[in-house]
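Listed below are the residues making up each chain.
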Amino acid sequence: ASSDLSEMGAFNPHIRSIIAYNAESKIIESMRPNGVLLGQVVPRGGRITGTSSVVQYDAWNWEDAAIKMDNGVHINWPNSFSRGRWWLGEDPGLKPNKDYVKQVKELNDYFNEAKSYNKVSTTESHLPYKALAGVFDSSKHLYINADDEKGITDAVNFAKAQGISKLTIVGGYQAGNIENFLKQNEVSVFLRRVHTRPELEDDDYDYTFKQAKRLVDAGVLVALEPSGQMERMNSRNLPFYAGTTVAHGLTKAEALQLITQNPAKIIGIDDLYGTLEVGKSATLFISEGDALDMRSNQLIDAYIDGRKLSLETHQTELWKRYSEKYNEQN
């Protein structure tokens, strides 16, 4: 009851993350000075985690913040492999998930039941099944968190079998290994945080740094996302994740698209956001340095929907307070 990140139970497509969004969080104000102005609020926990919404980061409350509400349903795909719990003396190596087939079948059965429910009229309301209606009629996007090749492949085939056309793989650690498969099936990818270490012992040392280029070169629509350990704090580093992909093969224009135009296309707000064009929202920032470089990025102005933002944060307040204190002593 005290967690605003996830809900109890395994299948919760009806859980709306937007009502748990805290527009006045200090985390929100810490992102604006780096140029992170919009985001997708995603629930965590369970097999079907719930429904996400898109927000802008300068609002009094979640109603003011919402740009596109309940735009997508999120799934945590079953892991085909797992690691032993070393703290319990188990072998920490990878081992097959013996319940994988059963877990995939449970997910298929649930979607089949929801599809049947939404095809007939009934006086009894089933909120979880109703929440999946938009996935079947393409008014909502389906986001599936999957990292390994088998999981990604099975997730794509699952969506095709269910007749779901709007699909994005989230995480996609090994998506670059099956880039042609993703391109052929017109599946987009929200690629996991670039600043992470390789997971497998035979992965290249720069494996996570160069996955974006592999997908871009194959023609896959790819964007970056910051999920993982301490993901809320690390969201402020999104521009610098893109900057790292420049050091590993992408042009600066391609890297910039990973955090502007491409995510706007994937989440369905590219009619107003994502690029600077006549008729679109004036949501932008101005930096004195390279916006993708953590050493030189220095915002002087930022705007959301043409409204100039304050770049003051808890950190800048502390900086002023203590700089004045020590300047007086000098």
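Calculation criteria
Residues numbered from 1 in each chain as written. Predicted model: local features only at pLDDT ≥ 70, side-chain atom pairs only at ≥ 80, totals over all residues. Heavy atoms only, no water. Salt bridge = Lys/Arg side-chain N within 4 Å of Asp/Glu carboxyl O. Helix = DSSP H or I, 4+ residues; strand = E, 2+ residues; numbered from the N terminus. Buried < 20%, exposed > 50% of the residue type's maximum accessible area, 1.4 Å probe, protein only. Axes fitted to C-alpha atoms, helices over the stretch in contact; angles between N-to-C directions. Parallel < 35°, antiparallel > 145°, perpendicular 65-115°, else oblique. Left-handed = near helix turned anticlockwise from the far one by under 90°. Contact = heavy atoms within 4.5 Å. Nonpolar A, V, L, I, M, F, W, Y, C, P; charged D, E, K, R; others polar. 1 Å grid on protein atoms, 1.4 Å probe; cavity = no way out; pocket = protein on both sides within 12 Å on 5 of 7 lines; lining within 4 Å. Points joined across faces, edges and corners; volume = space filled by probe spheres on them. Expected span 1.5 Å × (residues − 1). Arc of directions from axis to C-beta. Lys, Arg positive; Asp, Glu negative; His and termini not counted. Polar contact = N/O pair within 3.5 Å; in protein donor to acceptor, adjacent residues only side chain to side chain. Core = buried A, V, L, I, M, F, W, Y, C linked by side-chain atoms within 4.5 Å. Pairing = 2+ DSSP bridges. Phe/Tyr/Trp six-rings, centres within 6.5 Å; stacked < 30°, edge-to-face > 60°.

(A) Up close: the pattern of salt bridges. Enumeration according to the criterion identifies 15 salt bridges in this entry. Where Asp70 meets Arg16, a salt bridge forms, and the shortest distance between an N and an O atom there is 3.1 Å. Placement of Asp70 in strand 3 (residues 66–76) and of Arg16 in the segment before helix 1 (26–31) is noted, with a sequence separation of 54 residues between them. Here Arg16 falls in the partly exposed class, since its relative accessible area comes to 31%. We note a salt bridge from Arg192 to Glu199, for which the minimum N-O separation is 3.0 Å.

(B) View of the environment of Asn22. Within the element layout of this structure, Asn22 appears in the segment before helix 1. Its relative accessible area of 45% is what places Asn22 among the partly exposed residues. A sequence separation of 37 residues divides Asn22 from Ala59, and the C-alpha atoms of the two residues are 9.6 Å apart.

(C) Spotlight on the packing of helix 3 (residues 100–119) against helix 6 (residues 149–161). With their axes 11 Å apart at the nearest point, helix 3 and helix 6 run at an angle of 20 degrees to one another. Judged by the angle between their axes, helix 3 and helix 6 are roughly parallel. When you trace helix 3 past helix 6, the crossing you get is right-handed. Contacts between helix 3 and helix 6 involve Tyr100, Leu107, Asn108, Phe111 and Lys115 from the first element and Lys150, Gly151, Asp154, Phe158 and Ala161 from the second. Counted by class, the contact of helix 3 with helix 6 contains 5 nonpolar, 2 polar and 3 charged residues.

(D) Seen up close, the layout of surface pockets. Volume-wise, the second largest pocket comes out at about 760 Å³. Considering the residues around the second largest pocket, the lining is formed by 25 residues, among which Asn79, Phe81, Asp147, Asp148 and Glu199 are closest to the centre. Broken down by secondary-structure element, the contributors of at least two residues to the lining of the second largest pocket are strand 4 (81–83), strand 6 (141–146), helix 6 and strand 7 (167–171). Grouping the amino acids of the lining of the second largest pocket by side-chain chemistry returns 8 nonpolar, 9 polar and 8 charged.

(E) Molecular detail of helix 3. With 20 residues, helix 3 extends 29 Å from end C-alpha to end C-alpha; this agrees with the ideal 28 Å at 1.5 Å per step. Residues of helix 3 that are buried: Tyr100, Gln103, Val104, Leu107, Tyr110, Phe111, Ala114 and Tyr117. Summarising the axial view, the buried residues of helix 3 lie within an arc of 150 degrees, below the 170-degree limit, and thus occupy one face. Across from the buried face of helix 3, at angles greater than 90 degrees, the exposed residues are Val101, Lys102, Lys105 and Lys119. Where helix 3 is buried, its residues contact strand 2 (48–56), strand 3, helix 4 (127–131), helix 5 (133–136), strand 6 and helix 6.

(F) Highlighting the side chain of Lys140. Of note, Lys140 is situated in the loop between helix 5 and strand 6. The side chain of Lys140 sits in the buried core without any salt bridge; Asp70 is the nearest counter-charge, 5.8 Å away. For Lys140, the side chain forms a polar contact with the main-chain oxygen of Ala131, separated by 3.2 Å. When neighbours within four sequence positions are excluded, Lys140 is seen to be in contact with Thr51, Asp70, Asn71, Val73, Ala131, Gly134, Val135 and Lys166.

(G) Quick look at the nonpolar core. If you look at the biggest cluster of nonpolar residues, it comprises 57 residues, and the most contacted ones within it are Trp77, Phe111, Leu142, Ile144, Leu182 and Val189. Among the elements that line this core, the one with the most residues is helix 3, at 7 residues. Of all hydrophobic cores here, the second largest spans 10 residues; its members include Val54, Tyr143, Val170 and Ile266.

(H) Local environment of the sheet that holds strand 11 (residues 299–304). The strand order across the open sheet built from 3 strands is 10-11-12, with neighbouring strands paired in antiparallel fashion. At either end of the open sheet lies a strand with only one pairing partner, and these are strand 10 (284–287) and strand 12 (307–308). By the bridge criterion, 4 bridges tie strand 10 to strand 11 in an arrangement that is antiparallel. Bridge pairing in strand 11 places Ser287 opposite Leu299.

(I) Highlighting the environment of Tyr129. Counting through the fold element by element, Tyr129 comes out in helix 4. Overall, the relative accessible area of 12% leaves Tyr129 in the buried class. Among the polar contacts listed, one links the side chain of Tyr129 to the side chain of Glu113, at a separation of 2.5 Å.

(J) Highlighting the packing of aromatic side chains. Taken as a whole, this structure holds 8 aromatic pairs when the rule is applied. Look at Trp77 and Phe158: their rings are 5.4 Å apart centre to centre, the planes differ by 55 degrees, and that puts the pair in the tilted class. You can see Trp77 sitting in the loop between strand 3 and strand 4 and its partner Phe158 sitting in helix 6, a full 81 residues away along the chain. You can call Phe158 buried: its relative accessible area is 4%. Taking 5.9 Å as the distance between ring centres and 80 degrees as the angle between the ring planes, the aromatic pair formed by Phe111 and Phe136 counts as edge-to-face. A residue pair is termed long-range when its members are at least 10 positions apart, and Phe111 in helix 3 and Phe136 in helix 5 qualify at 25 residues.

Interpretation in functional terms is not warranted from these geometric data alone.
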